[in-house]
Amino acid sequence: MDVEATGDALPRGAPVPDGADPLGDPYLRTRFALPNRPGTFLRRDRLVEHLGQALLTPLTVVNGSAGAGKTLLVADWAANLGRPVAWLALDAAVEGPGVFWAHLLQSLNAGGVPAPTAVGFPTDAKRVPHTLLSRLAWGLAGRDRPVTVVIDEFERMTDPEVGRQLEFVLRHARPGLRLVLVSRTEPLLPLHRYRLAGEMTEIRDAELAFTTEEAVDLLELHGLSLAVPVARALVERTRGWAAGLRLSALAARSTPDPELYLKEFQAGRGTIADFLLAEVLERQTPETQDLLLRVSVLDRFCPDLADELTRRRDAATILAALHRANAFVEDFGQGWYRLHPLFREILRAHLRERAPGLEPELHRRAAHWLRRSGELPEMLAHGAAAQDWTYMARALVEDLAIGQLFTGLGSGEPADWFAGMEGEAPDPSLNLVRAACELSRRDLDGGLAHLRHAAEQLAAEGGGSPAARLSLALLEALAGRLVGSADRAERAARSARRLMPQMPSRLLDAHPELAALLLTHVGSARLWAGHLDEARAALTAVTRGPRTASTVLPRMEALEHLALLDHLDGRPSAAERKVFAMTAEAERYGLAQPSGSGLGQLVLAEVALDRDEVDRAEALLARMPDQRPKDPVTAAVRRAVTAGVLLARGRTREAPAVAARPVPAAEASPWAQGRAALVASDAHLAQGRPDAAVEVLRQVAGDLPLCTVGAARAHLAAGDPGTALRLLDGLAAHGSAGPGVTVPAALVRAQAAALEGDTATARRMLAQALAEGRREELRRAFRTAGPWIAPFLAEPTLRAPAAGWLVPESEPYDGTERGGPGSGPGAPVEQLSGREREVLERLARAMSTEDIAADLYVSVNTVKTHLKSAYRKLSVHRRNDAVRRARELGLL
């Protein structure tokens, strides 16, 4: 290492007199000399400042692992102290009280602060007269200035009697002695007393670790100029360990590309390995070395797990001792430990050399222990390392944990752990897991093939275990959802309901994600099939189920589907709230944005189209991933939104073509067909072909209220108001619809009345539409109603309810499409979204950001995002300015 003695010349103080210790050996000068600091030594002010407190407390302990930089730190501090310092470096020869005190007295002589001659010298290597200790304490206490004594490598002194004697002298020599102990282990002194009395200065491993900035400075001293990210990565890998940084820098300096070397060097070979093997591993007993080598296959370990790997029962004692000794074993709480990353790399390399073939067995033992402890992700990792695929698959299936292949938070890799499986799968559990992996990757063909094999194998075994059949039911429900077959999903759900009572309640309670996934798949399949009430029931049950980390993903998907149901019912604000609730759920669990299946973003785009916010709809659509949606529901909504945007942009030929693109599914979806037909009908109307518009909706008009309204609008345009009104009268059979249906329906009735010359009824229906449309900001229905509406909206009685959201306050509506509220002179270029306006309204009530978040059931960050967007659109930078500007534009 870098600690270099000064050889045979003492740097300062009185010369060491000729003489010998109680064993008759001469005093070696190197034990009393301050180590030299190398030219690459980096003085760190924060540590020097902390060490300066050693002059104020009787005892200072600098405790850290080998190579942590303890000795150099204290030696540099002592060399610049400006007063005499007695230095004593212990080694194996300084053993026993007599030898120790003889060397301590000699260090005082060498440091230029000799003890009074009356103290005397020990003559027996194994003991020291108590009177000598008393005289020494008395002599030190009588000095004008305290004597600073540094004892390096104090961990070598293992005789408790020496500790008691040293504590006696320290206690009675005050205020004449300042003792600094440099050690890898806890010194054998009653530290708690000094700590409690505030009479101790402590510097430990964590404080000795280099920061990234310090590492950059240290590496520059070694001639290496590194980017901060590279230095940060090196600090993370070495945990700021001084020796690791210095040795890796020395090695990197001799390579053609030092930066690449520091990114990729293998610690299992080279000087770092030599250092740790000599200074740490080889100092341990054979049992401890065996334990360290075996636990090197683990990221973390507790004593029980370590015992599982060693087949012994001594891990608790050994690990506690290694941690106390700063032997690169870190205790990170609750009984769990981990190895320093570099030490672990080295141990693993040596494990492979010393015991070839043992590593897979250790992984297998770890996997079995972790399964018993319920640590699924770690069990899978070690099972995969052992390539024990069958054990892993059976564990997932029999423990009802197969659902976590879909829901494991922050672990997109579980399915990847099975990527190494090859060839035929003789066990049905293997085929079930393979099916789950393939389906989670959107490989429908591969997933269904493995699912079929699993079903055949279970049938050949007489059905298999209840857990295997329940896992099969879960995957069958998912398959039904993905292929668009409500029948398949329903059959799976019935099978699952029969099997659940046969399962231990502890397993069902431990895996709430299984029921949540099952209901989500069934709900989605029902929605596709048009069984909207049944779908809502299943999906609502998911949202009301257990709120745990393992159920957050199915809960989010359920909220997205419920949002779509609300939109299909004509309730855009309710749909929007559910998507925002889904976003808040994602934020609560730290999931990346956007989360969920993407269906929620599409529903927001649908709402934006209803509000004539085409740019926003287009932006939301652009945020969708390029890959094909995993289920037909999402695919159909994406198709409808894309067609809707094209239609709003006036691309009436492209929109029907997009809407008619097939969505692969085993069963037809009435609402998906209806949405496509509605786009085609609106395109025909825009092109002046009302008869074609009527025809395209003829087959689907009764399946979706919006289609019924569209058909009525087409019939009215074709000159058949009677049929139009009869269709609208039939809407009552669908139950109470939301404004998304009732507003366009009222507009059709108003237009029909206007054509008949019944202006009173037309005004009444328009007033009703404006009242309902204002709450939801349903501008699109008014802008596409036709030119007949403009004279009515110009009338004072109707202009008032339209002002501020549909037309500017000061201008009558002339039937041409505008930007909606705030589109007058100086208006914002981009329209505010509904949510942004809700936030602004609360801002105008002087509500805080936190209060707004609570009121809207969203996170504070979400509110901040809306505010930031609103500020940008209003060209303001402050809350008050935003409220003022919004009022000027009639937005509030």
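Because the structure is predicted, anything quoted here is derived from the model rather than measured. (Residues numbered from 1 in each chain as written. Predicted model: local features only at pLDDT ≥ 70, side-chain atom pairs only at ≥ 80, totals over all residues. Heavy atoms only, no water.)

> Could you clarify how one ought to interpret the overall build of the protein in this entry?
Scanning the protein from N- to C-terminus turns up 46 helices and seven strands. Against the globule reference of 29 Å for 892 residues, the protein gives a C-alpha radius of gyration of 39 Å, more extended than a compact globule. Along the first, second and third principal axes, the C-alpha set of the protein runs to 130 × 75 × 50 Å. Counting contacts in the protein only where the partners sit at least 6 residues apart, residues at least 24 apart contribute 69% of the total. When the accessible surface of the protein is split by element, carbon and sulfur atoms take 51% of a total near 37,700 Å². Counting 107 positive and 112 negative side-chain charges, the protein places the averaged centre of each group 3 Å from the other. (Helix = DSSP H or I, 4+ residues; strand = E, 2+ residues; numbered from the N terminus. Rg over C-alpha atoms; globule rule 2.2 N^0.38 Å. Contact = heavy atoms within 4.5 Å. Areas by Shrake-Rupley, 256 points an atom, 1.4 Å probe, with all protein chains shown as cover. Lys, Arg positive; Asp, Glu negative; His and termini not counted. Charge placed at Lys NZ, Arg CZ, Asp CG, Glu CD.)

> Even after reading the chapter, I still don't get the packing of helix α14 (residues 303–310) against helix α17 (residues 358–372), so can you show me in this structure?
The description of two helices packed together rests on the angle between their axes and the distance between the axes. With their axes 9 Å apart at the nearest point, α14 and α17 run at an angle of 140 degrees to one another. Relative to α17, the element α14 is oriented oblique. Between α14 and α17 the crossing geometry is right-handed. Two secondary-structure elements touch here, α14 through D304, L305, E308, L309 and T310 and α17 through L362, R365, A366, W369 and R372. When grouped by side-chain class, the residues that make up the contact of α14 with α17 number five nonpolar, one polar and four charged. (Axes fitted to C-alpha atoms, helices over the stretch in contact; angles between N-to-C directions. Parallel < 35°, antiparallel > 145°, perpendicular 65-115°, else oblique. Left-handed = near helix turned anticlockwise from the far one by under 90°. Nonpolar A, V, L, I, M, F, W, Y, C, P; charged D, E, K, R; others polar.)

> Is there a simple way to think about the layout of surface pockets in this case?
With a probe scaled to a water molecule rolled over the atoms, the places where space remains empty come into view. In this structure, the largest pocket occupies an estimated 1,200 Å³ of space. Along the wall of the largest pocket there are 43 residues; nearest its centre are L647, D682, R713, R780 and T784. Residue assignment for the lining of the largest pocket shows that the elements contributing at least two residues are α30 (599–610), α32 (632–648), α34 (670–686), α36 (705–717), α38 (739–755) and α40 (779–783). Element by element, the count of residues in the lining of the largest pocket is highest for α34, at seven residues. Taken together, the residues that form the lining of the largest pocket break down as 22 nonpolar, 12 polar and nine charged. (1 Å grid on protein atoms, 1.4 Å probe; cavity = no way out; pocket = protein on both sides within 12 Å on 5 of 7 lines; lining within 4 Å. Points joined across faces, edges and corners; volume = space filled by probe spheres on them.)

> Looking at this model, I keep getting lost on helix α21 (residues 428–440). Mind explaining?
Spacing of three or four residues puts side chains on the same side of an α-helix, whose turn is 3.6 residues. For α21, which comprises 13 residues, the first-to-last C-alpha distance of 18 Å matches the rise-based estimate of 18 Å (1.5 Å per residue) to within 8%. Counting buried residues along α21, 12 of its 13 residues qualify, which places the element largely inside the surrounding structure. Restricting attention to buried positions, one finds in α21 the residues P428, S429, L430, N431, L432, V433, R434, A435, A436, C437, E438 and L439. Packing partners of the buried residues in α21 comprise α19 (389–398), α20 (404–407), α22 (444–460) and α23 (466–483). The first or second residue beyond α21 is R442, which carries a positive phi of 70 degrees. (Expected span 1.5 Å × (residues − 1). Buried < 20%, exposed > 50% of the residue type's maximum accessible area, 1.4 Å probe, protein only.)

> Looking at this model, I keep getting lost on the sheet that holds strand β4 (residues 177–183). Mind explaining?
Through backbone hydrogen bonds, the strands of a sheet pair up, either in parallel or in antiparallel fashion. Read across the open sheet, the five strands follow the order β2-β3-β4-β1-β5; overall the sheet is parallel. The sheet is open, and its two edges are formed by β2 (85–89) and β5 (200–203), each paired on a single side. Recorded for the sheet is a direction-independent mean angle of 15 degrees between the axes of neighbouring strands. Looking at chain direction, strand β1 (residues 59–63) and β5 are connected through four bridges and run parallel. Bridging from a neighbouring strand, L59 pairs with M200 of β5. On top of the sheet, helix α3 (residues 97–110) reaches β2 and β3 (147–152); it is set at about 145 degrees to β2, its chief contact. (Pairing = 2+ DSSP bridges.)

> Would you explain unusual backbone geometry in this entry?
Glycine aside, residues mostly have negative phi, and peptide bonds are mostly found in the trans state. Following R174, the chain continues into P175 via a peptide bond in cis, with omega recorded as 5 degrees. Unusually for a residue other than glycine, Q387 sits at a positive phi of about 55 degrees. Inspection of the secondary structure assignment puts Q387 in the loop between α18 (376–385) and α19. Owing to a relative accessible area of 57%, Q387 belongs among the exposed residues under this scheme.

> Please clarify how the pairing of β3 should be interpreted in this entry.
Each regular strand displays side chains that alternate between the two surfaces of the sheet. Across the six residues that make up β3, a large majority, six, are buried. Every second residue of β3 is oriented toward a common face, with V147, V149 and I151 on one face and T148, V150 and D152 on the other, all of them buried. Here five bridges tie β2 to β3, and the two strands are oriented parallel to one another. Bridge pairing in β3 places A89 opposite D152. Both β3 and β4 contribute to a ladder of five bridges, which runs parallel. Considered in β4, the bridge of V149 is made with L179. In this fold, the crossover linking β3 to β4 by way of helix α5 (residues 160–173) has right-handed handedness. (Right-handed = clockwise from strand over helix to strand, strands pointing away.)

> How should the environment of P721 be read in this particular structure?
By secondary structure assignment, the location of P721 is in helix α37 (residues 721–729). It is 8.9 Å that separates the C-alpha atoms of P721 and R749, two residues lying 28 residues apart in sequence. Residues contacting P721, with those up to four places away along its chain left out, are L716 and E756.

> How do you make sense of the packing of aromatic side chains when you look at a structure like this?
Aromatic ring pairs are defined here through the distance separating the ring centres and the angle between the ring planes. Enumeration over the complete set of coordinates arrives at 10 aromatic pairs. Arranged with centres 5.1 Å apart and planes meeting at 80 degrees, the rings of W241 and F328 form a pair that is edge-to-face. Of this pair, W241 sits in the loop between α9 (228–238) and α10 (242–253) while F328 is found in the loop between α15 (315–324) and β6 (329–331), placing the two residues 87 residues apart along the sequence. In this structure F328 comes out as buried when scored by relative accessible area, which is 5%. Between F328 and F343, the aromatic rings sit 5.7 Å apart at their centres with planes inclined by 50 degrees, giving tilted as the arrangement. Of this pair, F328 sits in the loop between α15 and β6 while F343 is found in helix α16 (residues 341–354), placing the two residues 15 residues apart along the sequence. Judged by relative accessible area, F343 falls into the buried class, the value being 0%. Put simply, the rings of W241, F275, F328 and F343 pair up and form one aromatic cluster. (Phe/Tyr/Trp six-rings, centres within 6.5 Å; stacked < 30°, edge-to-face > 60°.)

> It is not clear to me how the pattern of salt bridges should be interpreted in this structure. Could you clarify?
Pairing is possible between side chains of opposite charge, provided their charged atoms come close. Under the counting rule described, the total for this entry stands at 60 salt bridges. A salt bridge links E214 to R46; its shortest N-O distance comes to 2.6 Å. With E214 in helix α8 (residues 212–221) and R46 in helix α1 (residues 45–51), this residue pair connects regions lying 168 residues apart in the sequence. With relative accessibility at 11%, the residue E214 sits in the buried group. With relative accessibility at 32%, the residue R46 sits in the partly exposed group. For E161, the salt bridge goes to R164, with nearest N and O atoms at 3.0 Å. On the criterion of helical spacing, the pair formed by E161 and R164 is a turn pair, its members being three residues apart in helix α5. Looking at E161, the relative accessible area reads 31%, which means it is partly exposed. You can call R164 exposed: its relative accessible area is 52%. (Salt bridge = Lys/Arg side-chain N within 4 Å of Asp/Glu carboxyl O.)

> Hey, could you run me through the side chain of H684 in this one?
Locating H684 in the fold gives a position in helix α34. On the accessibility criterion, H684 (19% relative accessible area) is buried. Those residues in contact with H684, other than ones at most four positions away along the chain, are R689, A692, A693 and V696.

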